[in-house]
Amino acid sequence: MTQYDDSGVNDVREDEWNIDRARTVYGIGKNDLHFLDVNEDGDLCVRLRGQSITFREIIQRLETSNGDSPSYTSSFTLRIPGLIAHQIAKIRNSFLKAMKDLDYSGDFLAVYPIKVNQRRDCVIPVIMADRKYGLEAGTKAELELIKAVIQKEKDRQIVCNGAKDPEYLNLILQCIEEGYNMSVSIESLHEANMIVDLFDPERTDLVLRIKPYLSVEGHWSHSTGRDSKFGLSIHDLHDVVDLLKGKGFESTVRTILAHAGSQITDTKAFRRFGRFMTGLYSELRSRGLSELHVIDFGGGLAIDYEGALEENHTYAYAESIIRGVKDALAEENSEVPPPDIMIESGRGVTALSSMVVVKALEVRSVFPALSDISDLKVKAVREKASKFLEEIEKSSSASDLAKISDRLHRDLAADMDELQEILESESAIGILEKSVRTRLRTLGFTSADTLLPERSFWHPEHIAIGNFSVFNSIADHVLVKQHFPAIPLTDLHLQPETTVRLADITCDSDGEIANFYLQNTELPWFSKDNRPITMPGGQMGLGIPIGSLERLPDTGFVLALTGAYQDAIEMDHNLLGDLPDVELHLLEDNTWSLRWVTGAESIRKILEDVGYLGLGTDGDPYMGD
Ligand SMILES: Cc1ncc(COP(=O)(O)O)c(C=O)c1O
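Residues numbered from 1 in each chain as written. Predicted model: local features only at pLDDT ≥ 70, side-chain atom pairs only at ≥ 80, totals over all residues. Heavy atoms only, no water.

Student: How do you make sense of the nonpolar core when you look at a structure like this?
Tutor: When a protein is soluble and globular, its nonpolar side chains tend to lie buried together. Ranked by size, the top nonpolar core spans 172 residues in total, and within it Val46, Phe55, Leu78 and Leu208 carry the most contacts. Leave out the neighbours within four places in its chain, and Phe55 touches Leu36, Leu44, Cys45, Val46, Leu78, Met355, Val357, Leu489 and Val558. (Core = buried A, V, L, I, M, F, W, Y, C linked by side-chain atoms within 4.5 Å. Buried < 20%, exposed > 50% of the residue type's maximum accessible area, 1.4 Å probe, protein only. Contact = heavy atoms within 4.5 Å.)

Student: Which parts of the structure should I look at to understand the domain arrangement of the protein?
Tutor: Interface extent is often summarised as the accessible area lost during association of the parts. Taken domain by domain, the protein comprises domain 1 (1-91 + 353-366 + 460-625), domain 2 (104-345) and domain 3 (368-458). Just the C-alpha atoms count here: the centres of domain 2 and domain 3 sit 57 Å apart. (Domains from an automatic or database assignment.)

Student: Sorry, what's going on with the packing of helix H3 (residues 82-101) against helix H4 (residues 120-129) here?
Tutor: Relative orientation and spacing of two packed helices are given, respectively, by the angle between their axes and the distance between those axes. Where H3 meets H4, the axes come as close as 9 Å, and the angle between the chain directions of the two elements is 45°. Judged by the inter-axis angle, H3 sits oblique to H4. In the crossing of H3 with H4, the sense of the turn from one axis to the other is right-handed. Contacts between H3 and H4 involve Ile84, Ala85 and Ile88 from the first element and Asp121, Cys122, Pro125, Val126 and Ala129 from the second. (Axes fitted to C-alpha atoms, helices over the stretch in contact; angles between N-to-C directions. Helix = DSSP H or I, 4+ residues; strand = E, 2+ residues; numbered from the N terminus. Parallel < 35°, antiparallel > 145°, perpendicular 65-115°, else oblique. Left-handed = near helix turned anticlockwise from the far one by under 90°.)

Student: So what exactly am I meant to see when it comes to the sheet that holds strand S5 (residues 108-113) here?
Tutor: Sheet strands pair via backbone hydrogen bonds, and the direction of the pair is either parallel or antiparallel. Taken in spatial order, the 8 strands close into a barrel running S5-S6-S7-S8-S9-S10-S11-S12, and their pairing is parallel. Strand after strand, the sheet turns through a mean of 25° between neighbouring axes, direction not considered. Of the pairings in the sheet, the one linking strand S8 (residues 181-186) to strand S9 (residues 206-209) comprises 3 bridges and is parallel in character. Its bridge partner lying in S9, Ile186 is registered against Leu208. (Pairing = 2+ DSSP bridges.)

Student: In this structure, what is going on with the sheet that holds strand S1 (residues 36-38)? I would like to understand it.
Tutor: Taken together, the 3 strands give an open sheet; going across it, the order is S1-S2-S3, and neighbouring strands pair in antiparallel fashion. Either end of the sheet is taken by a strand with one partner, and the two such strands are S1 and strand S3 (51-54). Direction aside, the axes of adjacent strands within the sheet are offset by 40° on average. Relative to strand S2 (residues 44-48), S1 runs antiparallel, the two sharing 3 bridges. Bridge pairing links Val38 to Leu44 in S2.

Student: I tried to follow the site of the ligand on my own but got confused; where do I start?
Tutor: Taken together, 15 residues surround the ligand, and among them Ser262, Glu344, Gly346, Arg347 and Tyr565 come closest. Within the contact set of the ligand, an oxygen atom lies 3.0 Å away from a backbone nitrogen or oxygen of Gly300. Contact between the ligand and Gly346: an oxygen atom at 2.7 Å from a main-chain N or O atom of the residue. Considered on its own, the ligand offers 400 Å² of accessible surface; in the complex 91% of this is hidden by protein. The class makeup of the residues in the shell around the ligand is 2 nonpolar, 8 polar and 5 charged. (Near = heavy atom within 4 Å. Polar contact = N/O pair within 3.5 Å; in protein donor to acceptor, adjacent residues only side chain to side chain. Areas by Shrake-Rupley, 256 points an atom, 1.4 Å probe, with all protein chains shown as cover. Nonpolar A, V, L, I, M, F, W, Y, C, P; charged D, E, K, R; others polar.)

Student: What should I look at first to understand the pattern of salt bridges in this one?
Tutor: One side chain can pair with another of opposite charge once the charged atoms of both are near each other. Counted by the stated rule, this structure contains 39 salt bridges. Here Lys379 makes a salt bridge to Glu383, at a shortest N to O gap of 3.4 Å. Taken together, the positions of Lys379 and Glu383, both in helix H12 (residues 379-394) and 4 residues apart, correspond to about one turn of that helix. Take Lys379: its relative accessible area is 51%, and that puts it in the exposed class. Salt bridges sharing partners connect three or more residues here, namely Arg79, Arg119, Asp121, Asp567 and Asp581. (Salt bridge = Lys/Arg side-chain N within 4 Å of Asp/Glu carboxyl O.)

Right, dumping it as structure tokens:
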């Protein structure tokens, strides 16, 4: 079935293009990209508290003041610690508002799981932002870090999760001795046995970590339910409770915890989760854990990487949890006190605070410069191509065009062995794909179904080479296919000329970003070369829209929302290490300060990491410019 729109008014004309459209196309200013904007000249800017600074200005300032710094490179990671404080306040306010709206009398508690980003420029802003925010450790090393950063504020809660050995438990005991406010999770019967042997029930605050028996969709769905690697199975829970009661530890259990997975975009799942956890909470209280009064819902608050979540999704998440808790309390029909609600959001706290500014080095073209079919010199190719062109021009349905496109790829690629033939066939394919796109536009297709977004005729014809490594800066792009928004730094005031893939300088074909989320508009919008850049309903597409291909090498892209996990899991593929770190602060008087924190990791340091001492230089391994 095709859809034919007689009016043919299915897109935006060039003269109708404006920066509002650019905001829509790239999701700028929406949800978690609220700190980005576009100015009248089409420059991308950071916008905080009503003040704007363009990336062009940031880059110029860095070049002027740090161009001669050791390991200066044209790409860098931009950190905005102020966005962490913004997120912390947003999370707390969302819960407080949801509690008020739903007339819920429990308290709100939160800890930041430092595994998400242990960098100083993340952890310090968390504790500076909120005097009551706690921290979560997953290992001995993380606990050592936490001890050091809150040594003057020992009343902040520290939740110790993760697999525990006697050394970890002894470190926790030492922290208790020193006056820190420690909560220790029990994740197995084995851990429970060690804890009852080592700990004093008078000075112990326990958390029972339970496998979240909940079905949710997402990358980390295997971290929920009975297959979860973490937490007590329901059968273990019974044994652990019996053990704790037998050893006089029943009143040390204050909290139950379950982490339902990361990046849970289905907010409704949290209501089911709230209900499940509250049912368990009531049951455990009735089994004698009378001091139990906190439910810790772990992490899971999603970040809007695609610009596709509902507005106010942080509030929706908080509301969903509290509704679930209330549902269960109402079902219990007893005197169970409403539990305090605790969360361990990680991604939700740090993702916004860093982004990678990638310098474009050059633009490569997939096809030879396109001309006209009549200009093709090899007769066989010219004849085949002319026949296909005729078919394209006569076709009246999108599915026919898709079939023609498949055939032309097969036929024109067949029997080519001479360079000239390959060249001519490549030209012919490029010209015909363009004709297919034009025909689709002329026929006025308007729906996602008929526009067949995965077809080759939408594939970008240009590859921008960026001075970065996907593996070092956004490893989750390859590990779990995490989407990170890629936005050009300039020329956003122009209707996009075409779309590109952004490839890095590693020699791995996974080192590129081709995905681009097509935002939901009533009718699809197109680039000047007829590629869809928005789509009714919104969906993942291919190719980053670009205002001017020619000027791209003077500028580049921002890869946004990289502040969660990417620093912790970076890889030095091809011996490309960390990019320079630059901090941006908006000061009280509304002026900006830009601080060059470190240069790129030097070749010498990277070689040392793989066992070669005294080799290399202090220069950085990225491309000079
Ligand atoms: C126990 C626990 N808490 C919190 C988090 C943080 O999750 P998120 O970043 O989705 O908020 C994780 C992540 O794996 C976790 O395992």
